[in-house]
Amino acid sequence: MSVPAATPPASPPAAGGPGRLKPLGSVVVVVGVIAVAIAVASYVTPKAAPTAGEPGQMSPTEVAQAEPVAVQNVTRTIVYSLDGTGGARNLTYVTAGAGLEQQAEVTTPWSATVERTAPAGEAEFASLAVQSAGPGGLTCRITVDGTVVAEKSVSGEGAQLSCSA
């Protein structure tokens, strides 16, 4: 009887080959990426709305029967004024309804009054831009309900001037 030939011992797999375990650092990186993905998803995903049966929540019928909140409007008086010597040109200001009014040339002193109605607490934008037509100084001023909210001055022909509030 013949003895079977001994098989040579198995050699370890080459680095990175099949059957080789990944280094522990790769596992830590994968677990870290998964943890960050879960954290981001939980932050971005909106929370479920409480149901109507929970305390402090109104049922759809109660919501339909609730009275709407009245928005209180206020009327503000905005006065744009321009003082100086030599007049001005290319005057532009914000009017009622947030429109723009433009005038090619004006003599100083000049002023315009605008009445605007808006919800209470809402900021009112006002702006006046102009260019000096003479060598003297020019001052723009914006008042809202009698209070000066913007004032600036320039001097020299062609100087640009802008007041905003």
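Everything here concerns the structure above.
As the structure is a prediction and not an experimental result, all values here were calculated from the model.

Q: Honestly, the state of the cysteines in this entry has me stumped. Any pointers?
A: Linking two cysteines covalently through their sulfur atoms gives a disulfide. Evaluation of the coordinates by the stated rule reveals one disulfide. Each sulfur in the disulfide pair Cys-140 and Cys-163 lies 1.8 Å from the other. Because the torsion about its S-S bond is 85°, the bridge between Cys-140 and Cys-163 counts as right-handed. Here the residue Cys-140 occupies a position in strand 6 (residues 137–144), and Cys-163 occupies one in strand 8 (residues 160–164), the gap between them amounting to 23 residues. Residue Cys-140 shares its accessibility class with Cys-163, and that shared class is buried.

Q: Please clarify how the pattern of salt bridges should be interpreted in this entry.
A: Opposite charge on two side chains permits pairing when their charged atoms draw close. Applying the stated criterion across every chain, the model contains four salt bridges. As a salt-bridge pair, Arg-76 and Glu-124 come within 3.5 Å of each other at their nearest N and O atoms. Linking Arg-76 in strand 1 (residues 73–84) with Glu-124 in the loop between strand 4 (110–119) and strand 5 (127–132), this pair joins segments that are 48 residues apart in sequence. Exposure class is identical for Arg-76 and Glu-124. Each is buried. Here Glu-151 ties to Arg-141 by a salt bridge, and the two come within 2.8 Å at their closest N and O atoms. Of the two residues, Glu-151 is situated in strand 7 (residues 147–155) and Arg-141 in strand 6; the sequence distance between them amounts to ten residues. Judged by relative accessible area, which is 46%, Glu-151 ranks as partly exposed. A network of salt bridges, in which partner residues are shared, links Arg-76, Arg-116 and Glu-124.

About the criteria used
Residues numbered from 1 in each chain as written. Predicted model: local features only at pLDDT ≥ 70, side-chain atom pairs only at ≥ 80, totals over all residues. Heavy atoms only, no water. Disulfide = S-S within 2.5 Å. Helix = DSSP H or I, 4+ residues; strand = E, 2+ residues; numbered from the N terminus. Buried < 20%, exposed > 50% of the residue type's maximum accessible area, 1.4 Å probe, protein only. Salt bridge = Lys/Arg side-chain N within 4 Å of Asp/Glu carboxyl O.

Function-wise, these values are silent; they only describe arrangement.
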